[in-house]
Amino acid sequence: MKQKEAYEVAVVGATGAVGRTMLSILEERDFPVANLTCLASARSAGSTLSFRGGEITVQELTESSFNGIDIALFSAGGSISKQYGPIAVAAGCIVVDNSSAWRMDPQVPLVVPEINVSTIGDSPGIIANPNCSTIQMVMALKPIQDLYKIKRVVVSTYQSVSGSGQKAIEELTAQTRAVLDGNPANPEVYPHQIAFNCLPHIDVFLDNGYTKEEMKMVNETRKIMGDDSIEVSPTTVRVPVMVAHSESVNVECERELNLTEVRECLTAFPGVKVIDTPANNEYPLASSAAGKDEVQVGRLRIDLANPRVLNFWVVGDNLRKGAALNAVQIAEKLIGQ
Ligand code: A2P
């Protein structure tokens, strides 16, 4: 895109869990923002959000919201992205979309900057930000793929409630109190109680018995890695954690793995931090990854039955690298940073 000293930036869904994180990350990384427009539903129009020491008044998202905007970061759900993404592009804006609306569109790049930045191109349009569980998994898979070529991945996720938005954070807090006080949990966001529970159900169930979240991990992994031969066998689970997703990953490669070499390639990969000293109880944790930019990898070990198979544990902040940080990194690439 045309380079400027500072850009007109809009955040769509600015009042949400990811939207608020986008504001903090734009500020932390000193993104060259000339003016920030915060857009949300009519419900929050008129409320304020803090940015760079000032207050920004939230505006209702309308068809004319994108006039004069250079870059719009969307995180207000798939239907808003489907409806307003093309309107923003028609107004001359580049859209970085955190929803699943455009991810598998063959015209739309699906980008994790450390992995496939070259797919961004420079034409104005929509660029999709991948699913949170997929981003942190492919960050760990990419260096392994480059060295050993991956055949199959079996993954189970332990996903935090912030991935379902602000209301789910409030639901876990309220339910935890209610259950401890001996009161009913009253689930609203989820079909069952999430406090003190694990729900093997994220997004809707499809005809093949998998959930939409699971199929995102299958299809998005192939698209980001540029390798349709990788088989992904996922089980996605919601757990009573506020922020940061954890995943147990089993990766089958084409050739025998060398654990020292695996550690080295992961350590060298930008955005990945290896935390793997089990003797000192050091391994990635949701509590240590929350608020951090890096994807943490540990519990690295070769499968007991197959020397071409690796097991590991990967944890990432789903609001940051899983969503807002990755989106802002894409925007940085767009402006040539
Ligand atoms: P609002 O706060 O006004 O409802 P989360 O994922 O944390 O639930 O956040 C969703 C974000 O998407 C919020 O900023 C929310 O705004 C925004 N949003 C939801 N529905 C609409 C809509 N119809 N138009 C614009 N923004 C919306």
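Computed from a predicted structure; not experimentally measured.

A. Highlighting the packing of helix α4 (residues 132–148) against helix α6 (residues 212–225). Where α4 meets α6, the axes come as close as 10 Å, and the angle between the chain directions of the two elements is 40°. With respect to α6, the axis of α4 lies oblique. Relative to α6, α4 is oriented so that their crossing is right-handed. For the pair α4 and α6, contact is made by C132, S133, T134, M137, V138, L141, K142 and Q145 and by E213, K216, M217, E220, T221, I224 and M225, respectively. Classifying every residue of the contact of α4 with α6 gives seven nonpolar, four polar and four charged.

B. Here's a closer look at the nonpolar core. Within the largest apolar cluster, 51 residues are counted, with the highest numbers of intra-cluster contacts made by F66, L141, I150, V153 and F312. At eight residues, the largest contribution of residues to this core is made by α4. With residues up to four places along the chain from it excluded, the contact list for F312 reads A140, L141, I144, E247, S248, V249, V251, V297, G298, R299, L300 and R301. Counting 44 residues, the second-largest nonpolar core is a separate cluster that includes A14, V33, V111 and V328.

C. Seen up close, α6. Between its first and last C-alpha, α6 extends 20 Å over 14 residues, near the 20 Å set by a 1.5 Å rise per residue. Within the sequence span of α6, burial applies to E213, E214, K216, M217, V218, E220, T221, I224 and M225. In this fold, the buried residues of α6 make contact with α3 (113–116), α4, β9 (150–158), β10 (231–235) and β11 (245–253).

The rules behind these values
Along each chain, the written sequence defines residue order, and numbers are assigned to residues from 1. Confidence filtering applies because this is a predicted model: local features only for residues at pLDDT of at least 70, side-chain atom pairs given and counted only at 80 or more, and all residues used for totals across whole chains, interfaces and linings. Values shown for side chains rest on all heavy atoms present in the structure; no hydrogens or waters enter the calculation. For helices, the fitted axis covers only the stretch in contact; all axes are lines through C-alpha atoms, and the angles between them, taken along N-to-C directions, range from 0 to 180 degrees. Helical segments are the DSSP runs of H or I of at least four residues, strand segments are the runs of E of at least two, and each set is numbered from the N terminus. By definition in this entry, angles of less than 35 degrees are roughly parallel, angles greater than 145 are roughly antiparallel, angles of 65 to 115 are roughly perpendicular, and the rest are oblique. Throughout, a crossing is termed right-handed when the near helix is turned clockwise from the far one, and left-handed when it is turned anticlockwise from it by less than a right angle. Contacts between residues were defined by any pair of non-hydrogen atoms, one from each residue, lying within 4.5 Å. Residues were grouped as follows: Ala, Val, Leu, Ile, Met, Phe, Trp, Tyr, Cys and Pro as nonpolar; Asp, Glu, Lys and Arg as charged; and all remaining residues, including Gly, as polar. Definition of nonpolar core: a set of buried residues of the types Ala, Val, Leu, Ile, Met, Phe, Trp, Tyr and Cys, connected through side-chain atoms within 4.5 Å. Each residue is assigned to one of three classes by its accessible area relative to the maximum for its type, calculated with a 1.4 Å probe on protein chains only: buried under 20%, partly exposed between the two thresholds, exposed over 50%. Here the expected length of a helix is defined as 1.5 Å per residue gap, with one fewer gap than residues.

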